[in-house]
Amino acid sequence: MSRRSQVLRALIGAEGAAVCGEDLAAELGVTRVAVSKHMATLRELGYVIEATPHTGYHLVSSPELLLPDAVEALVRDPLWVRFEGGPSTVSTNDDAKRLARSGAPEGTVLVAGAQTGGRGRLGREWVSPSGGAYLSIILRPNMSPAQSSALPLVVALGVARGLESLGCHTLLKWPNDIWLGAGPGSTDALGKLSGVLLEMQSEIDRVEWIVAGIGVNVSFATGRTPGAAYVDDQVPGCAPAAVAAAVLDGIAECFGQFVSDGFGTLAEEYVSRSMLEGREVTVRELDGTVRASGRVQGVDADGRLLLDGGSGMLAVSTGDVTLRDAGA
Ligand code: BT5
């Protein structure tokens, strides 16, 4: 972790109380002048930090935008080793793919406070105004492309766990959507809270890298996107950096479980959080043609959606799902 992130972590950890500059310098093994330079840089990044003689530094407020330092200061899981990004970019997935091609390690994280060309699947738009959390991660699992087929579900489950840890009620919509749920145990979906986009480079039997992009709607202060739900709807005032850190820790947990034990145990949790389980659905190809219809009966070990179509069980590996009795 960079010294600046360590300084920021100390300020955030103090929860508004004063942090003594001299103690912090001793703890980090740097001079007091170095600490005061880090404070100055943090102020330039938009952190409001008050310095009181004999008491120390107080963090008064953090910038609204998602910045890599803030995420690094909040994230806990050691999987995440490198943090990059800035206030705005075209697409964090494009930035992460560039870094992956140039050899960036597993656990690299790209964040942005806004995107001008955020993408969903098949080049669909992901609306990305400031106030949201947009991040992409680089994973390099030692497996074949076939073994990694459930990874979009693993990442979506990790995002759901992270958002739940902040107090949001989440529901999963196969394969890669996270919706805001009305409350504990309810399958009433209030809107799409987050989406996941995976892109991969591989040889026939080995994944080289996977970039997973995650967009989360956090604040609706700049306006609401039709059909979207926001963290703010249930947990007002969450900073995008806190959302990104929670999501990263949730993903790291699920990814670790997936790499060591496969999708088996995660599949059960995925199904228990699914807003589609037991419902009548239609699955369309990404170009709109109907691929299958039936009642959802869970997912299999490869992450495929299982449908009881009346004349037997179907396993569907890609597509868009609509509920036949609702608009979701
Ligand atoms: C997704 O695609 O849901 C994947 C979204 C991934 C976005 C992240 S942000 C960081 C990284 N960088 C990128 O460029 N992308 C990733 P899909 O399942 O195809 O859903 C796209 C559909 O969701 C659109 O066609 C809209 O209907 C809807 N949509 C677009 N923006 C939305 C938003 N902000 N909130 C809710 N729904 C949205």
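Residues numbered from 1 in each chain as written. Predicted model: local features only at pLDDT ≥ 70, side-chain atom pairs only at ≥ 80, totals over all residues. Heavy atoms only, no water.

Trainee: Please set out the domain arrangement of the protein residue by residue, giving values where relevant.
Mentor: Accessible area lost on assembly of the parts is the figure often given for the size of an interface. For the protein, the assigned domains read domain 1 (3–61), domain 2 (68–272) and domain 3 (280–323). Computed over C-alpha atoms, the centres of domain 2 and domain 3 are 23 Å apart. At the interface, 13 residues of domain 2 touch 15 residues of domain 3. Interface of domain 2 and domain 3: buried area, both sides summed, is about 1,100 Å²; carbon and sulfur atoms make up 63% of it. Considering only the side of domain 2, the residues that lose the most area to domain 3 are Arg-121, Leu-122 and Trp-174, jointly responsible for 49% of the buried surface there. For Asp-320, the salt bridge identified is with Arg-124, shortest N-O distance 2.8 Å. Applying the counting rule to domain 2 against domain 3 returns six residue pairs in polar contact (both at pLDDT 80 or more). The element that contributes the greatest number of residues to the side of domain 2 that touches domain 3 is helix H9 (residues 264–272), accounting for three residues. Looking at side-chain class alone, the side of domain 2 that touches domain 3 contains nine nonpolar, one polar and three charged residues. (Domains from an automatic or database assignment. Contact = heavy atoms within 4.5 Å. Buried area = accessible area lost by both parts, 1.4 Å probe. Salt bridge = Lys/Arg side-chain N within 4 Å of Asp/Glu carboxyl O. Polar contact = N/O pair within 3.5 Å; in protein donor to acceptor, adjacent residues only side chain to side chain. Helix = DSSP H or I, 4+ residues; strand = E, 2+ residues; numbered from the N terminus. Nonpolar A, V, L, I, M, F, W, Y, C, P; charged D, E, K, R; others polar.)

Trainee: Please provide a residue-by-residue account of the site of the ligand, values included.
Mentor: Contacts to the ligand come from 25 residues, most closely from Ser-91, Arg-119, Arg-121, Lys-192 and Asn-217. Separating an oxygen atom of the ligand from a side-chain N or O atom of Arg-124 is a distance of 2.9 Å. One of the side-chain nitrogen or oxygen atoms of Lys-192 is found 2.8 Å away from an oxygen atom of the ligand. Considered on its own, the ligand offers 800 Å² of accessible surface; in the complex 87% of this is hidden by protein. Looking at which element gives the most residues to the shell around the ligand, the answer is strand E8 (residues 189–203), with four residues. Class assignment for the residues of the shell around the ligand results in seven nonpolar, 12 polar and six charged. (Near = heavy atom within 4 Å. Areas by Shrake-Rupley, 256 points an atom, 1.4 Å probe, with all protein chains shown as cover.)

Trainee: Pulling in residues and values, what's your account of the sheet that holds strand E5 (residues 133–139)?
Mentor: Read across the sheet, seven strands follow the order E3-E4-E5-E9-E8-E7-E6 without closing on themselves; strand pairing throughout is mixed. A single partner strand is all that each edge strand has here, and the edge strands are strand E3 (82–86) and strand E6 (170–173). Ignoring which end each strand starts from, the neighbouring axes of this sheet average 20° apart. Relative to strand E9 (residues 206–216), E8 runs antiparallel, the two being bridged by 10 bridges. For Glu-199, the partnering residue across the bridge sits in E9 and is Val-211. Along the sheet face, helix H5 (residues 92–101) touches E3, strand E4 (108–112), E5, E8 and E9 and points at about 155° away from the line of E9. Along the sheet face, helix H8 (residues 240–261) touches E3, E4, E5 and E9 and points at about 30° away from the line of E5. (Pairing = 2+ DSSP bridges. Axes fitted to C-alpha atoms, helices over the stretch in contact; angles between N-to-C directions.)

Trainee: So what about helix H6 (residues 151–165)? Which residues, and what values?
Mentor: If you check H6, its first and last C-alpha atoms are 21 Å apart, about what 15 residues at 1.5 Å a residue would give, namely 21 Å. Among the 15 residues of H6, 12 are classified as buried, and the element is accordingly described as predominantly covered. Immediately downstream of H6, the backbone of Gly-167 shows phi near 110°, a positive value. (Expected span 1.5 Å × (residues − 1). Buried < 20%, exposed > 50% of the residue type's maximum accessible area, 1.4 Å probe, protein only.)

Trainee: Could you give me a rundown of the sheet that holds strand E12 (residues 305–308), with the residues and numbers involved?
Mentor: The sheet built from five strands is open, its strands ordered E13-E12-E11-E10-E14 with antiparallel pairing. The two strands at the open ends of the sheet, each matched to only one other strand, are strand E13 (313–316) and strand E14 (320–323). Geometrically, the sheet is characterised by an average inter-axis angle of 45° between neighbouring strands, direction not taken into account. One ladder, built from four bridges, connects E12 with E13; its direction is antiparallel. When the bridges of E13 are listed, Leu-307 appears paired with Leu-314.

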